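# Descriptive structure summary
Listed below, chain by chain, are the residues.
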Amino acid sequence: MIYSNFTGRVAKQAKVIDGVNGQFLSMDMAVNDYSKGEETTQWVRVQSSDPAHLKLVEYFTKGRILTIQGNVKIDQWEGKDGTPHAQLRVHAKFIDFLNIGKKQEGANVAANAATDSNVPDVPTDTPKEKKDDLPF
């Protein structure tokens, strides 16, 4: 058994499928790899029958960054024209969200929150130490 841990983006909205053994979550993820100055994308199909993952399916939206941990399988088949195909599939044990806010005109919402008038002012400089107050 191969156990993997990877981070990628959800390719399209995840869905719940009724299978022979009950419901399961299914989604495709794009995992980018940077090697020798080039970017390549690996496609991974993620599936899970964990009830907690099924409840979160509405949050697994296109573009969402997730870290997945689970067992890896490789599905192989021949196309109609006889061409061999392979699909990397991971049965997820753990799914973690990595998004921190949504992009807003090229900037992060969390970064823009500091300029919001409802956010209290936070001092940016610290008080200077007095040499007489040193404990040693």
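Residues numbered from 1 in each chain as written. Predicted model: local features only at pLDDT ≥ 70, side-chain atom pairs only at ≥ 80, totals over all residues. Heavy atoms only, no water.

Sheet topology note: the strand E1 (residues 2–10)/strand E3 (residues 22–35) ladder contains two bridges and is antiparallel. Of the residues in E3, the one forming a bridge with Val 10 is Met 29. Relative to E3, strand E2 (residues 15–19) runs antiparallel, the two sharing five bridges. Bridge pairing links Gly 19 to Gly 22 in E3. With antiparallel pairing between neighbouring strands as the criterion, E2 and E3 make up a hairpin whose turn holds two residues. Counting the residues in the hairpin turn of E3 and strand E4 (residues 38–48) gives two residues, including Lys 36, whose phi is positive at 55°. (Pairing = 2+ DSSP bridges. Helix = DSSP H or I, 4+ residues; strand = E, 2+ residues; numbered from the N terminus.)

Turning next to the nonpolar core. Counting 18 residues, the largest nonpolar core has Phe 6, Leu 25, Met 27, Val 46, Leu 66, Ile 68 and Ile 95 as its most contacted members. Of all the secondary structure elements, the ones that give two or more residues to this core are E1, E3, E4, strand E5 (65–78) and strand E6 (84–97). When residues in this core are grouped by element, the largest group, four residues, is from E3. Leave out the neighbours within four places in its chain, and Phe 6 touches Met 29, Val 31, Val 44, Val 46, Leu 66, Thr 67, Ile 68 and Val 90. (Core = buried A, V, L, I, M, F, W, Y, C linked by side-chain atoms within 4.5 Å. Buried < 20%, exposed > 50% of the residue type's maximum accessible area, 1.4 Å probe, protein only. Contact = heavy atoms within 4.5 Å.)

By the element assignment, Thr 67 lies in strand E5. At 2.9 Å, the side chain of Thr 67 forms a polar contact with the side chain of Thr 7. Thr 67 has contacts with Asn 5, Phe 6, Thr 7, Phe 94, Ile 95, Asp 96 and Leu 98, leaving out every residue within four places of it along the chain. (Polar contact = N/O pair within 3.5 Å; in protein donor to acceptor, adjacent residues only side chain to side chain.)

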